[in-house]
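# Observations on chain architecture
The lines below spell out each chain.
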Amino acid sequence: MRSADRTAGAVLLALAGAFGAGALKQYAYWGPNGPGPAFLPFWLGVVMVVLATLLFVGSLRAKDPGDDWLPTGEGLRRLGLVLGATIAYVALLNVLGMVVATVLFLVVLMRVLDRCGWPLTLGVALATAGSIYVVFSRWLKVPLPTGMLGF
């Protein structure tokens, strides 16, 4: 586990540094009315650098090798199900639309993975998809992928 933490820490450190530097290179940090478009990405990059450094240094200082980083048995099956459902979700976004694909994605995860009851599963899936639709499509006027059904 510690070698996975070292690798993850080093990769995240490099990505976070590039993220913050790229924000400063591409956008203005400060504008005439206050913070510019690079302000938030830069500071997010700084926070990510600090957290990645803590992960990396913590992995170097740890004496316990930790558990295996890849799950086995039931954990591996659950991981595969989440990855498969996520890939299917992304693949079906343009075919079924954001709302329908989100409902199906959450139904699969909640019903198959967590074995939640149908009322809770359908309630959470419909409320989440409805909230996404209202916030992004109606309030923010962001076009969401629409599928065969037109929503």
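Right above here is the structure, for reference.
Here is what the cut-offs are and how they apply
Starting from 1, residues in each chain are numbered consecutively following that chain's sequence as written. Since the coordinates come from a predicted model, pLDDT governs what is reported: local features require at least 70, and pairs of side-chain atoms require 80 or more to be given and counted, while whole-chain, interface and lining totals use all residues. The side-chain quantities take in all heavy atoms of the structure and omit both hydrogens and water. By convention a nonpolar core is built from buried Ala, Val, Leu, Ile, Met, Phe, Trp, Tyr and Cys residues, the set being connected through side-chain atoms within 4.5 Å. The cut-offs for exposure are 20% and 50% of the maximum accessible area for each residue type, with area from a 1.4 Å probe on protein chains only; residues under the lower value are buried, those over the upper are exposed, and the others partly exposed. Helix numbers and strand numbers start at the N terminus; a helix is a DSSP run of H or I with at least 4 residues, a strand a run of E with at least 2. Any two residues having at least one pair of non-hydrogen atoms within 4.5 Å are treated as being in contact. Stacked, edge-to-face and tilted are the three classes for Phe, Tyr and Trp ring pairs, Trp counted by its six-membered ring, which pair at centre distances within 6.5 Å; planes under 30 degrees apart are stacked, over 60 edge-to-face, the rest tilted. Interaxial angles span 0 to 180 degrees and are taken between N-to-C directions of axes, which are lines fitted to C-alpha atoms, for helices over the stretch in contact. Throughout, the term roughly parallel applies to angles under 35 degrees, roughly antiparallel to angles over 145, roughly perpendicular to angles from 65 to 115, and oblique to all others. Left-handed describes a crossing in which the near helix is turned anticlockwise from the far one by less than a right angle; the clockwise case is right-handed. The residue classification treats Ala, Val, Leu, Ile, Met, Phe, Trp, Tyr, Cys and Pro as nonpolar and Asp, Glu, Lys and Arg as charged. All others, Gly included, are polar. Helix span, as expected, comes to 1.5 Å for every residue beyond the first. Each direction from the helix axis to a C-beta atom contributes to the arc, which is the arc of those directions.

## Comments concerning the nonpolar core
Within the largest apolar cluster, 15 residues are counted, with the highest numbers of intra-cluster contacts made by Y89, L93, M98, V103, F105, L109 and A125. Of all elements in the fold, only α3 (74–96), α4 (98–113) and α5 (118–139) reach the threshold of two or more residues within this core. Sorting elements by how many residues they give to this core places α4 first, with nine residues. Ignoring anything within four residues of it in the chain, the contact list for L109 reads V82, A85 and D114.

## Some remarks on unusual backbone geometry
The phi angle at R115 is positive, at roughly 55°, despite the residue not being glycine. One non-glycine residue with positive phi stands out, namely K141, at about 60°. In this fold, K141 is placed in the segment after α5. On the basis of relative accessibility, which here comes to 63%, the residue K141 falls in the exposed class.

## Examining the packing of aromatic side chains
Taken as a whole and judged by the stated rule, the model has six aromatic pairs. With a centroid separation of 6.4 Å and 35° between ring planes, the pair formed by Y29 and W30 is classed as tilted. In this structure W30 comes out as exposed when scored by relative accessible area, which is 53%. On the basis of an interplanar angle of 90° and a centroid distance of 5.8 Å, the ring pair of Y29 and F42 is categorised as edge-to-face.

## Quick look at the environment of A28
Inspection of the secondary structure puts A28 in the loop between α1 (2–26) and β1 (30–31). For the pair A28 and G17, spaced 11 residues apart in the sequence, the C-alpha separation amounts to 17 Å. Ignoring sequence-local partners within four residues, the contact set of A28 consists of G36, P37 and A38.

## What to know about the packing of α4 against α5
Contact pair α4 / α5: the axes reach a minimum separation of 9 Å and the direction vectors enclose 150°. Our classification of the angle between α4 and α5 gives roughly antiparallel. Note that α4 runs across α5; the crossing there is right-handed. Where α4 approaches α5, its residues M98, V99, T102, V103, L106, V107, M110 and R111 are matched on the opposing element by W118, L120, T121, L122, V124, A125, L126, T128, A129, I132 and Y133. In the contact of α4 with α5, the residues fall into 15 nonpolar, three polar and one charged.

## Re α5
Helix length check: α5 (22 residues) gives 30 Å between terminal C-alpha atoms against 32 Å at 1.5 Å per residue, within 8%. Listing the buried residues of α5 in full gives T121, A125, A129 and S137. All buried residues of α5 project into a common sector of 65° when viewed along the axis, lining one side. Opposite the buried face of α5, by more than 90 degrees, sit the exposed residues P119 and W139. Considering only its buried residues, α5 is in contact with α4. K141 lies just past α5 and shows a positive phi near 60°.

## A closer look at the environment of S59
Relative to the assigned elements, S59 resides in helix α2 (residues 39–61). It is 27 Å that separates the C-alpha atoms of S59 and G22, two residues lying 37 residues apart in sequence. Residues in contact with S59, not counting those within four places in the same chain, are R2, D5 and R6.

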